[in-house]
Every structure is written in C-alpha cells, then in structure tokens.
Amino acid sequence: MKRIKQIDIKRALAMAGTFNFLCSCARACLLPFLTLYFRQLGLTPAMTGIVMGTKHFVTLVWSPAASLLSKHYNKRRAVICGSVMFSAAAALLFLLIPHTDVHAWTCNASDPHVGPTQNPSDKLLVNITEPVTSHPKPHVSQSLVTHLPDADTKAPVITNETSPHHHHHHHHNHTTDSPLLYVSQKNESKVLESSSSSLATPVRNKRSELKSEQPTGEKKDESSLGFLGSLKAMDTQHQLFFLILIIVCVWEVASAPLEWNVDDGLYEYLDFADASDRYSSTRVWGVLGAACGVGGTGLLVSQLTCLIAAQTSRSVVHFYCYASLAFLVLPLAMSLPLYLNKKRDRTSGLLKALQLVRGSPQAVLCVFTTLLVGVANSAIDNFLLWQMQDRGSSELHMGLSLALALLSQAAFPLMAGRVFRLLGPRRMLAVGAASLGLQCFYYSFLWGAWAALPAQVLSCFSSGALWWAVKLQCEDIATPGAERSVRRVYKSLSIHLGSALGSLAGGFVAQSIGLTWMFRGLAMVLMVWCVCLPLLQWKAPHHRRINYSRLLAADASEASDSESEQERDWLDKAMENDKSNNNSGRRVNH
C-alpha cells in the first residue's frame, strides 16, 4: 500500500518566505548597482539601455518556456537548483572583464566635500597611448599649463588653476598606465581641441602606417573568423559592449527559470492541501529581503577603501555578495516542498488570461497603464543612480534611498483598506501612476547626496497602490482558477516587456538629451496619461465578472449554517421529547 505523505503547511510557508527573502536579498545586492558598474567599465547610456533591454527580453521569453519544459519533463527541482548555481557562476564572469579608465570611479576620503564617486562627465580624459617626441609642442596658455615635457618626459598635464581638486587629479594621473590629459569641459574645451588634435596626429599616422604594413595574410585570417574577426577589428568600447551583452544573456538564461518554477511548485503544493490562499502572504518577505540586500550592500561597500586590492575596485563586492547568498540558497532549494499538478495546463491558462484581459475595456486600460509604468520604472532603475552619482551620492546614499522605497512599498497593505474606501480601484490606479510621475519630476532636480531620499516615500503609492489596483482588476475579470494567470500577464507586460522597451528608449534618450530632461519627459508623459485615464475609464463600459469561487464559498458557508441550524432544531426537539417522556413517567409512578 502506498504511503500518503503528510503535508506540513506551516513548514511550507516558512520555507517559501525564507526562500523569497534570500533570493530577493541576493538580487538586490547586485541588480540595482549593475548599471553603475557598466558606467564604470565605460559603456554609454545607449549601450547600457541595449544591454538591460536585452536582459528583460530574454526573461520575457525564457521564463514561461523554461517553466513549461521543466513541468513537461518533471524536472522542476533540478531546474531550480541549476538556476541558482549557474546564475551565481555566471555573475562572477563580470569580474573577468578588464576595466577601462574612461569612467573610472575616484575616491577621496580625506576631502569631506568630495564624495566617493565623481561625475565622469565633469572631467574629460584623453588617453595618449604613445609618447610624442618629434612633433612640435602646441601653443597653450601659460595660465593653464602646469609643465611642458621635454623629449624624454611624458605628455603634458593641462589643468585649471581655479579648480579646487588639482592635487587629487594629479595624483590619480600617476596611478594609470598611460599619461592622461585632464581638461575641464567648461573652461578649456578649445585648448583641448587644438592640443589633442595636434598631439594625436602623429599617433594616427603611425597607426595607419602600421596597419598598411600589416601582412595581407593576417587580414585574410581575421576576415575568415567571421564574428570573432569583426570583434577584433572593433574599437575597445564596442568589444567591451558585446562582451558584456554576451555575459548578460548567459546570466539571464541561467537565472530566468527560477522564479516561475519556484512559484508554480510551491503554489501547487499548498493548493493540494487547500491552503493556496495563504501563499500570497509570503510575497512581502521578498520585498523586505530586497530592502535588506540593497541597503546592507550599499552600507558595506561605502565602508570599504577605494581599492580592495591592486587594480581591484570595491564594486566587485556586489558580485561576491550575490554569489555568496545564491550558494547559501542552494541547500534550501534542494529541500523545497514542491508538487507537480499534471492536470493544470499553464499554456492554456495564459492564453485564456490574455483573452479575458482583451475582452474587458477596463482591463485593457489597466494594461496600458502598467506598460507605461514599466517603461518609466526601467528608466528609473537604470539611470537614477547615475543621476545620484552626478550629484555626489555614494553607495550608502543610493542603498538607503532604494531601501526606503522598498519599505514604503511593503507598508502599503497596512493602509490599503482606508485608501480603497477613499479612492476606489479606478482612482487608485491613476494615483499610482501620478505618484510615479511626481517621482520622475523630482529626480530631475536633485541637488545633493541625500536629495533623492524624500521622493522614495511616494513608492508607497507609485508601486504599492498601483499593484493593489491591478490585483483588484484581476479579481474582477478572472474566472475560477485563472487569477494567477491574469496577474502574471500584467506583471509580464509591465515588468519585462515595459522594462525592455523603457531600457532601450531610455538609453537613447538619455544619451541624446541628458538624464535631467529624460526624467522630465517621463514625468510629462505620465501626467498626461493620468489626466486622460479617468476620462477613458468613465467612457469605457465596466463589466464586472461574477467571482464563482467566492460565490461557491459563500454557498458552502450558508449551507453549513443551515445544516447546523437544522441539527440544532432536531436536538432541541429531541431534548423536549425526552423531558416530556420523563414527566409522563413520573406522573404514572405517582
């Protein structure tokens, strides 16, 4: 006889909450700071947007596909453990990428007026890779020249005497492998233009001579290599871009299957024990874990010295924290209580959810709102820390600001009842989008290291209230058993599709008009949509679908109440008959 395994609901909920906490903590140690690392390596905003957009596109396609394949072959636990292990290993591949000096972070702990991170756009670094000895020296104003080199010395260092940080930049110049030409963009752009062009002329001529003297056999070999040969012919920045793009794709392919497989396995396990309604209580632990991860890592990195070891930036701590927590999660992933419900068809559930969303005008408006919010959130996630870094913020300021936003989001359920009675689901959706627009507008006016902190409190509405309204919308249109599929459609459209489009568009916009005007443009678009949304909601018909699961539960409770009342009536009658029989027996005896 087959032994029936007993289901421990409390243990399953505890393990689910712990797993969500640790996984969210691991991701928050690295993902919010990843674009800053790309900036340090030398990627432009457009390149960063392409990399992050590709990451979201891979997740959008691969997450459902991997979930279906793991369920079909009954390999959920193997996929979960492999995803945890290989994602940690893939993240460490970033540490093999060589650093460039284009956007290197500088650190000046002795000067209280200079933050640990400086704006790379404030100083332009021109790398002179070959010594210039035969070309005549350019004419430079004496007020800007620190010293002019002789034939045996290095290239000149052109500085601005009015700048208060000359000693720091001059010291950093001696730590690099090649001489650097530092020029303030505001005051000496013309001097840099004339000097750098004259200094770089013999360098270009020499390189062209070397390329012309290159044997034709080597050129044929490079062209025969195809993509590798084209990479070899690119400049350093584009080689770095394609290398990062490949590593990000590998990393996302490894980490994308984790969320859906864990979510489906735990939900079906609790659903088998008729406790699936309690699974939603474990999601708050993920938000709290993310707050602890981003705040703790920012505090840890800010306390370290600029260089942990020779030629090693302290930003590598983010990757080590991610990998350490991922390997800590691995034993827990091996013991998760999972269940495979073969009767539940995920493909038909998603298709049915799409049909339900398309058939409701109110749901379509909610989809456009969440898609627009996803676009704005991706731009904030990718480039807010760039804006904060330009205003002198360190990793401590960034980590605590992001942690406050997550804590505000987690606190919204405490006030959800009052907000719902005051606004209703329709107005709550518009208020959430408007709060995000106010945040974007505020980010365009940052003036100091801690300036972003007050705006993070609005995440209580821009994220918490908005997704609460989406949850109510899902309950309105969903049929029994389709609530999770409808909610997953909204999250996929917002978090992944919207984020992918927002990353691509935000990168090109930020590179063309700057971060400040990018945030102002996002704020304007969100505000215009918030004005139009109530009018569209008023004109669109509102078809509220009957929630049959709640109706059946209510019928069951009413049936149980009627049965208990009937039993109570029968018992009362039996007691009365017994009393009457006892009284008649006493009379006969007398």
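Residues numbered from 1 in each chain as written. Predicted model: local features only at pLDDT ≥ 70, side-chain atom pairs only at ≥ 80, totals over all residues. Heavy atoms only, no water.

**Let's talk about helix 14 (residues 395–410)**
- Between the first and last C-alpha of helix 14 there are 22 Å, a value that for 16 residues agrees with the 22 Å anticipated at 1.5 Å per step.
- For helix 14, the set of buried residues is Glu395, His397, Met398, Gly399, Ser401, Leu402, Ala403, Ala405, Ser408 and Ala410.
- Among the structural elements, helix 1 (9–41), helix 10 (283–302), helix 13 (361–390), helix 15 (412–443) and helix 16 (459–477) are those in contact with the buried residues of helix 14. (Helix = DSSP H or I, 4+ residues; strand = E, 2+ residues; numbered from the N terminus. Expected span 1.5 Å × (residues − 1). Buried < 20%, exposed > 50% of the residue type's maximum accessible area, 1.4 Å probe, protein only. Contact = heavy atoms within 4.5 Å.)

**Some words on unusual backbone geometry**
- Backbone geometry at Asn74 places phi at a positive 55 degrees, although glycine is not the residue there.
- Of note, Asn74 is situated in the loop between helix 2 (45–72) and helix 3 (76–91).

**Thoughts on the confidence of the model for the protein chain**
- Mean pLDDT over the protein chain stands at 76; residues scoring 70 or higher make up 65%.
- When mean pLDDT is taken per element in the protein chain, helix 14 scores highest with 95 and strand 2 (residues 180–184) scores lowest with 34.
- Note on residues 553–565: pLDDT is under 50 here. Beyond four places in sequence and across chains, it has 0 contacts.
- In the predicted structure, residues 584–590 sits below a pLDDT of 50 and forms 0 contacts with residues beyond four places in sequence or in another chain. (pLDDT = per-residue confidence, 0-100.)

**Considerations on the pattern of salt bridges**
- Applying the stated rule across the entire model yields 8 salt bridges.
- Where Arg39 meets Asp390, a salt bridge forms, and the shortest distance between an N and an O atom there is 3.0 Å. Separated by 351 residues along the polypeptide, Arg39 in helix 1 and Asp390 in helix 13 bring together distant segments of the chain.
- Across the pair Arg484 and Asp263 runs a salt bridge, and its minimum N-O distance is 2.5 Å. (Salt bridge = Lys/Arg side-chain N within 4 Å of Asp/Glu carboxyl O.)

**Quick look at the packing of helix 9 (residues 257–272) against helix 17 (residues 483–513)**
- Close contact between helix 9 and helix 17 brings their axes to 14 Å; oriented N to C, the two are set at 165 degrees. Between helix 9 and helix 17, the angle is such that the two are roughly antiparallel. Considering the relative orientation of helix 9 and helix 17, their crossing is right-handed. Only Arg484, Arg488 and Ser492 of helix 17 make contact with helix 9, whose side of the interface consists of Trp260, Asp263, Asp264 and Tyr267.
- Tallied by class, residues from the contact of helix 9 with helix 17 come to 2 nonpolar, 1 polar and 4 charged. (Axes fitted to C-alpha atoms, helices over the stretch in contact; angles between N-to-C directions. Parallel < 35°, antiparallel > 145°, perpendicular 65-115°, else oblique. Left-handed = near helix turned anticlockwise from the far one by under 90°. Nonpolar A, V, L, I, M, F, W, Y, C, P; charged D, E, K, R; others polar.)

**Some details on the environment of Leu69**
- Mapped onto the fold, Leu69 is located in helix 2.
- On the basis of relative accessibility, which here comes to 44%, the residue Leu69 falls in the partly exposed class.
- Sequence separation between Leu69 and Val79 is 10 residues, and the spatial gap between their C-alpha atoms is 9.7 Å.

**As for the packing of aromatic side chains**
- Evaluated as defined, the whole model comprises 13 aromatic pairs.
- Geometrically, the ring pair formed by Phe412 and Phe461 is edge-to-face, given 6.3 Å between the ring centres and 70 degrees between the ring planes. Of the two residues, Phe412 sits in helix 15 while Phe461 sits in helix 16, which places them 49 residues apart along the sequence.
- For Phe412, a relative accessible area of 0% corresponds to the buried category.
- Under the relative-accessibility criterion, Phe461 is labelled partly exposed at 27%.
- Aromatic pair Tyr442 and Trp447: ring centres 6.1 Å apart, planes at 70 degrees, arrangement edge-to-face.
- Every member of this aromatic cluster is reached through a ring pair, and the members are Tyr37, Phe38, Phe94, Trp251, Phe319 and Tyr322.
- Residue placement shows Arg488 over the ring face of Trp260; its charged tip is 4.1 Å from the ring centre.
- In this arrangement the basic side chain of Arg520 is found over the ring face of Trp517, its NZ or CZ atom lying 4.7 Å from the centre. (Phe/Tyr/Trp six-rings, centres within 6.5 Å; stacked < 30°, edge-to-face > 60°. Lys NZ or Arg CZ within 6 Å of the ring centre and 35° of its normal.)

**Examining helix 9**
- The first and last C-alpha atoms of helix 9 sit 23 Å apart over 16 residues, in line with the 22 Å expected at 1.5 Å per residue.
- Among the 16 residues in helix 9, 13 count as buried, and that is most of the element.
- Once helix 9 finishes, Asp274 follows within two positions and takes phi at roughly 55 degrees, a positive value.

**A short note on a nonpolar patch on the surface**
- Where nonpolar side chains cluster on the molecular surface, the patch consists of Leu93, Leu96, Ile246 and Val250 and spans about 360 Å² of accessible area.
- One can find Val250 in helix 8 (residues 236–255). (Patch = residues over 30% accessible without salt bridge, like charges linked within 9 Å, V, L, I, M, F, W, Y side chains within 5 Å. Areas by Shrake-Rupley, 256 points an atom, 1.4 Å probe, with all protein chains shown as cover.)

**Examining the state of the cysteines**
- Inspection of every chain in the model, using the stated rule, returns 0 disulfides.
- Of the cysteine sulfurs around Cys23, a residue in no disulfide, the closest is that of Cys25, at 10.0 Å.
- When its relative accessible area of 9% is taken as the criterion, Cys23 is described as buried.
- Unpaired in terms of disulfides, Cys321 finds its nearest cysteine sulfur in Cys29, a separation of 5.1 Å. (Disulfide = S-S within 2.5 Å.)

**Section: the side chain of Thr297**
- On the secondary structure map, Thr297 appears in helix 10.
- Residue Thr297 is classed as buried on the basis of its relative accessible area of 3%.
- Looking at Thr297, its side chain comes within polar contact range of the main-chain oxygen of Gly293, at 2.6 Å.
- Among all residues touching Thr297, those that are not within four sequence positions of it are Cys29, Cys292 and His318. (Polar contact = N/O pair within 3.5 Å; in protein donor to acceptor, adjacent residues only side chain to side chain.)

**Some thoughts on the environment of Met428**
- By secondary structure assignment, the location of Met428 is in helix 15.
- Between the alpha carbons of Met428 and Phe461 there is a distance of 8.4 Å; along the sequence they are 33 residues apart.

**Thoughts on the nonpolar core**
- Counting residues in hydrophobic clusters, the biggest one holds 61 residues, and the most contacted among them are Val486 and Tyr490.
- The dominant element in this core, judged by the number of residues it contributes, is helix 13, at 13 residues.
- Not counting residues within four places of it along the chain, the set of residues in contact with Tyr490 comprises Val357, Ala363, Cys366, Val367, Thr370, Trp467, Val470, Gln473, Cys474 and Ile477.
- Cys25, Leu41, Val51 and Ala91 belong to the second-largest nonpolar core, a separate cluster that totals 29 residues. (Core = buried A, V, L, I, M, F, W, Y, C linked by side-chain atoms within 4.5 Å.)

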